[in-house]
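Overview (structure and organization)
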Amino acid sequence: QVQLVESGGGLVQPGGSLRLSCAASGSIFSINSMGWYRQGPGKQRELVATITTTGHTNHVDSVKGRFTISRDNAINTVYLQMNNLTAEDTAVYYCNADLVSRATIQRMNYWGKGTLVVVSS
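Below is a short write-up of the structure. (Residues numbered from 1 in each chain as written. Predicted model: local features only at pLDDT ≥ 70, side-chain atom pairs only at ≥ 80, totals over all residues. Heavy atoms only, no water.)

1. Remarks on the pattern of salt bridges
Rules: Only one rule defines a salt bridge in this text: a Lys or Arg side-chain nitrogen within 4 Å of an Asp or Glu carboxyl oxygen. Three labels apply to residues, based on accessible area from a 1.4 Å probe with only protein chains included: buried if under 20% of the type maximum, exposed if over 50%, partly exposed otherwise in between.
One pass over the full model with this rule turns up five salt bridges. Residues Arg38 and Glu46 are paired through a salt bridge, measuring 2.8 Å at the closest nitrogen-oxygen approach. By relative accessible area, which is 36% here, Glu46 ends up partly exposed. A salt bridge links Asp61 to Lys64, with the nearest nitrogen and oxygen atoms 3.2 Å apart. Judged on exposure class, the residue Asp61 and its partner Lys64 are both exposed. Each of Arg38, Glu46, Arg66 and Asp89 takes part in salt bridges that share partners, so that together they form one network.

Below is the structure:
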């Protein structure tokens, strides 16, 4: 069984910062790309950023210069440093991993349950 568990969400004032973490655990053979998505109130889930095993990153335009994705392959963890947050960043943030489990030896997409970020004064 594979689990992705996010942490680090919470309430922050506009202009503030938060750091999200997502740890993958369980019967993992290998992890390819990892990423963060978000779903704001009344909106569809959208991509925020992705990172490959070798560290190549992609950030959507709305977060470029403010958010930074990173990962620690040794502990199967991906991070999202979020700076200069605005109300528009309020959302549930989901971790995603493209990985191969030891149980199935198949490449599959896994999701965490999400962590809520609320940006408000």
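Once you've had a look at it, read on.
2. Remarks on unusual backbone geometry
Quick note on the threshold: In DSSP terms, a helix is any run of H or I states spanning at least four residues, a strand is any run of E spanning at least two, and both are numbered starting from the N terminus.
Notably, Asn76 is not glycine yet its phi reads approximately 50°, a positive angle. Looking at the secondary structure, you find Asn76 in the loop between β7 (67-72) and β8 (77-82). Under the relative-accessibility criterion, Asn76 is labelled partly exposed at 26%.

3. Quick notes on the packing of aromatic side chains
Here is the rule: Only Phe, Tyr and Trp rings take part, Trp by its six-membered ring, and two of them pair if their centres are within 6.5 Å. Stacked means planes under 30 degrees apart, edge-to-face means over 60, and tilted covers everything else. Here, a charge over a ring means that NZ of Lys or CZ of Arg falls within 6 Å of the ring centre while also lying within 35 degrees of the ring normal.
Under the defined criterion, the tally for this structure stands at one aromatic pair. Sitting over the face of the ring of Tyr94, Arg45 holds its NZ or CZ atom 3.7 Å from the ring centroid. If you follow Arg45 out to its NZ or CZ, it ends over the ring of Trp111, 4.7 Å from the centre.

4. With respect to the sheet that holds β8
To keep things clear, this is the line we draw: For two strands to count as paired, DSSP must find a minimum of two bridges between them. For helices, the fitted axis covers only the stretch in contact; all axes are lines through C-alpha atoms, and the angles between them, taken along N-to-C directions, range from 0 to 180 degrees.
Pairing is antiparallel in the open sheet, where four strands are placed in the order β1-β3-β8-β7. In this open sheet, the two edge strands, each paired with only one partner strand, are β1 (2-7) and β7. Strand-to-strand twist across the sheet, computed as the mean angle between neighbouring axes with direction ignored, equals 15°.

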